[in-house]
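Spelled out from the first residue to the last, the chains are:
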Amino acid sequence: ASLVKQGYPEDSIVIEKYLNMRYEGTDNAIMILECRDSDSPLSHARTFVDQYHREFGFELEGRDLLIDDFRVRAIVPGATPAPPPSVPSLGAP
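The present account deals with the structure reproduced in this document. (Residues numbered from 1 in each chain as written. Predicted model: local features only at pLDDT ≥ 70, side-chain atom pairs only at ≥ 80, totals over all residues. Heavy atoms only, no water.)

Points about the pairing of strand β2 (residues 30-33)
Part 1 of the reasoning: On β2, burial follows the alternation: Ile30 and Ile32 on one face are buried, whereas Met31 and Leu33 on the facing-out side are not.
Part 2 of the reasoning: Across four bridges, the pairing between strand β1 (residues 14-23) and β2 is antiparallel. From the neighbouring strand, Tyr18 faces β2, where its bridge partner is Leu33.
Part 3 of the reasoning: Between β1 and β2, which pair antiparallel one after the other, the connecting turn spans six residues, and Gly25 there sits at a positive phi close to 90°. (Buried < 20%, exposed > 50% of the residue type's maximum accessible area, 1.4 Å probe, protein only. Helix = DSSP H or I, 4+ residues; strand = E, 2+ residues; numbered from the N terminus. Pairing = 2+ DSSP bridges.)

Section: the nonpolar core
Part 1 of the reasoning: Formed by Leu19, Met21, Tyr23, Ile30, Ile32, Phe48, Val49, Tyr52 and Leu60, the largest nonpolar core amounts to nine residues.
Part 2 of the reasoning: For this core, the secondary-structure elements that each account for two or more residues are β1, β2 and α2 (41-56).
Part 3 of the reasoning: In this structure Ile32 touches Lys17, Tyr18, Leu19, Met21, His44, Thr47, Phe48 and Gln51, once residues within four positions along its chain are discounted. (Core = buried A, V, L, I, M, F, W, Y, C linked by side-chain atoms within 4.5 Å. Contact = heavy atoms within 4.5 Å.)

Spelled out as structure tokens, the structure:
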């Protein structure tokens, strides 16, 4: 609603969802972008395991995956709209 109030059309707003995930028993969380094309929680797990392996060079088989937190970001690609015209001054108070 805030971006709409700033003058951006609602259909131009892109919502990005992130999951901060880690293996149970570790402190190494990795933030992954939630998959837009899949509603399956297994796709999130696969993305995490792939990124973990790329980062650390191994996987921890047999450990549960935990989601520590969830972040949502709204962005509008492209140019910033022009500010609204200023209100003319009515004189000294």
